[in-house]
Amino acid sequence: MFPFMIRIYGIGGYEEVGRNMTCIEVDDEAIILDMGLYMDRFVALQEKDIEMSYENLLAEDAIPYDGVINHLKNKIKGIVVSHAHLDHIGAIKWLYSRYNVPIITTPYTAEIIEKNVKVKKLIRVNINSGYKFSKNIAIDFINVTHSVPQASIINVKTKYGSILYGLDYKNDNHPIVGRKTNMKKLKELDDVLLLIADSTNADEEKKTFSEIIAKEMLRDIMLGMETDGKAIFITTFSSHIARHKSILAIAKMLGRKAVFIGRSMYDYIESAEKLKIVDFSEAEKIKIPKRSSKKLEELNKKKNEYVFIVTGGMGEKNAVLTQLADGRLPLKIEPQDFIIFSCNVIPTPTIQANRKILEQKLHRKKARIFKDIHVSGHAAREELRDLIKITQPRHILPAHGSIDKTAAMAALAHEMGYELGKNVHLIQNGQSMVI
Ligand SMILES: [Zn+2]
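Only a predicted model underlies this, so the values are computations on that prediction, with no experimental measurement involved. Just so you know, the residues in each chain are numbered from 1, in the order the chain's sequence is written. Thresholds applied to this predicted model are a pLDDT of at least 70 for local features of residues and 80 or more for the giving and counting of side-chain atom pairs; totals over whole chains, interfaces and linings are not thresholded and use all residues. Only heavy atoms go into the side-chain values, all of them from the structure, while hydrogens and water stay out.

Some details on the coordination of the zinc ion
Water is not part of the atom set, so a site may look incomplete; the donors themselves are N, O and S atoms within 2.8 Å of the metal, or 3.2 Å for Na, K and Ca. Taken together, the protein ligands of the zinc ion are H83 (NE2), H85 (ND1), H146 (NE2) and D168 (OD), with distances of 2.1 to 2.2 Å. Geometry is assigned from donor-metal-donor angles: four donors are tetrahedral when every angle falls between 85 and 135 degrees, four are square planar and six octahedral when opposite donors sit over 155 degrees apart with all other angles between 65 and 115, and any other arrangement is irregular. One can describe the site at the zinc ion as irregular: its four donor atoms subtend angles covering 82 to 167 degrees at the metal. Motif for the zinc ion, donor spacing along one chain: H-x1-H-x60-H-x21-D. Within this pair, whereas H83 is found in the loop between β4 (76–80) and α3 (86–89), its partner H146 is found in the loop between β8 (138–143) and β9 (152–158), the two being separated by 63 residues in sequence. The pair H83 / H146 is uniform in exposure class, with both members buried. Put simply, DSSP H or I for four residues or longer makes a helix, DSSP E for two residues or longer makes a strand, and each gets a number counted from the N terminus. For every residue, the accessible area (1.4 Å probe, protein chains only) is compared with the maximum for its type, and the residue is labelled buried under 20%, exposed over 50%, or partly exposed between those bounds.

Right under this line is the structure:
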């Protein structure tokens, strides 16, 4: 038999943006990296109003199919989680109990996981620190900028070299929360066997702009336009603590108080405050608007004194912005009120359709709508080129994207001297490869 050294299993995220899950087998041990949801299918399933069981989620393609690593059950030493986005942690709730191993992650990610699922053994490792599984496998959480606190590139250290799990990263030179990407550490690595590379924006020929640009875009609208007497509603990703911080600062400049509304937003902010990552004590936070009618009635009377930051940028049917657009809450949207979408639209069928419906409702309310006031958390082609240049991996495995995106990553690698099938590899969900 061929004496293999390392086998990589692409379980999810190799055919879509989301549902991320990879397994790395090193001789007689293995670790799992991430257990994420495919948000489009998850949202579609929620709307069907059927039981959120493992079987139903699997049938809908909302969670990764991990049957391909069934034979490794006794080898798996742990589940390592890169950051707190649902397309990386959301499937833990359904898959975790199938493995009797600890979850290892950064403190903020651990907080968010614990809000959603009871984990028997959760090991917290500070960012830019490491954890040792055995004499053959150790990991480092290398700090990167993304769009949620304490995001990391995971360096899996083996006796054959390092494997960099580099999904969800950008090189932001002016992050609003947290430190810059640890380029020093990345540059010091001298034995990178494989880079598992973020392909989400590999087809965009540019550098992804800093988060500070998103702040300037918001400032341009909120401070530069005729907002007098009008309410300002902003929606963004619940987990985007840096964006929340920017909005809070601009609201203050405008002389308005910030009010965060929505369960997931509340949870992400509460965890960030608990770990002293931010201090949002000046803002109001409302977890479940339906249970806060009195409060919302009060706020509605002097709407123009506030900036409301609400969930629902993807048009989710029960998120706060849809409830507002439907007139289901005591807080009302009136003609000429500002609705700012500080997010992009995830380009998948269910989400695009939901978002379109929401926009139509807002147009009927005669609101002023501002779309795409946003910068991405994912590196584009030219930052990815830098990452390859400084880490010099012997092999590249594009991930976190549909085939057109992973192919764009492969094309970049090819341009940089790699050869398809030899040292740049394309795999689909359920496939594995040996290095
Ligand atoms: Zn992410």
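Quick notes on helix α14 (residues 403–415)
With 13 residues, α14 should cover 18 Å at 1.5 Å per step; its first-to-last C-alpha distance of 18 Å lies within 8% of that length. Among the residues making up α14, those that are buried are K405, T406, A408, M409, A410, L412 and A413. A contact between two residues is defined here by any heavy atoms of the two lying within 4.5 Å. Against the buried residues of α14 lie β11 (192–198), α13 (381–391) and β18 (395–399). Within two residues after α14, G417 carries a phi angle of roughly 105 degrees, on the positive side. Take the number of residues in a helix, subtract one, and multiply by 1.5 Å to get its expected span.

Some words on the pairing of β9
In terms of residue burial, β9 counts as a mostly covered element, since six of its seven residues are buried. DSSP calls a pair of strands paired once it identifies at least 2 bridges connecting them. Pairing of β8 with β9 involves six bridges; the strand directions are antiparallel. Paired with A138 across the strands is K157, a residue of β9. Looking at chain direction, β9 and strand β10 (residues 161–166) are connected through five bridges and run antiparallel. From the neighbouring strand, K157 faces β10, where its bridge partner is S162. In textbook terms, the turn of a hairpin is the stretch between consecutive antiparallel strands, and for β9 and β10 this stretch comprises two residues.

Examining the sheet that holds β11
Taken together, the six strands give an open sheet; going across it, the order is β7-β8-β9-β10-β11-β18, and neighbouring strands pair in mixed fashion. Each edge of the open sheet is held by one strand with a lone partner, namely β7 (130–132) and β18. On average, each strand axis in the sheet is inclined to that of its neighbour by 15 degrees, with strand direction left out of account. Relative to β8, β7 runs antiparallel, the two being bridged by three bridges. Across the sheet, residue K132 finds its bridge partner in β8, namely A138. On top of the sheet, α14 reaches β11 and β18; it is set at about 155 degrees to β18, its chief contact. Structural elements are reduced to axes, namely lines fitted to C-alpha atoms, with helices fitted over the stretch in contact, and the angle between N-to-C directions of any two is expressed from 0 to 180 degrees.

Regarding the sheet that holds strand β1 (residues 6–12)
Strands sit in the order β6-β5-β4-β3-β2-β1-β19 across an open sheet of seven strands; the sheet is mixed. Every interior strand has two partners, whereas the edge strands, β6 (122–124) and β19 (431–434), have only one. Across this sheet, the average inter-strand angle for adjacent strands is 20 degrees, counted without regard to direction. As paired elements, strand β2 (residues 21–26) and strand β3 (residues 29–33) share five bridges and run antiparallel to each other. In the strand pairing of β3, I24 is matched with I31. Sitting on the sheet, helix α5 (residues 107–116) touches β5 (103–105) and β6, and the angle it makes with β6 is about 155 degrees.

Some thoughts on the environment of Q428
Structurally, Q428 is set in the loop between α14 and β19. Along the backbone, Q428 and I403 are 25 residues apart, and their C-alpha atoms lie at a distance of 8.4 Å. Discounting residues that sit within four places of it in the chain, Q428 has contacts with G10, Y14 and E15.

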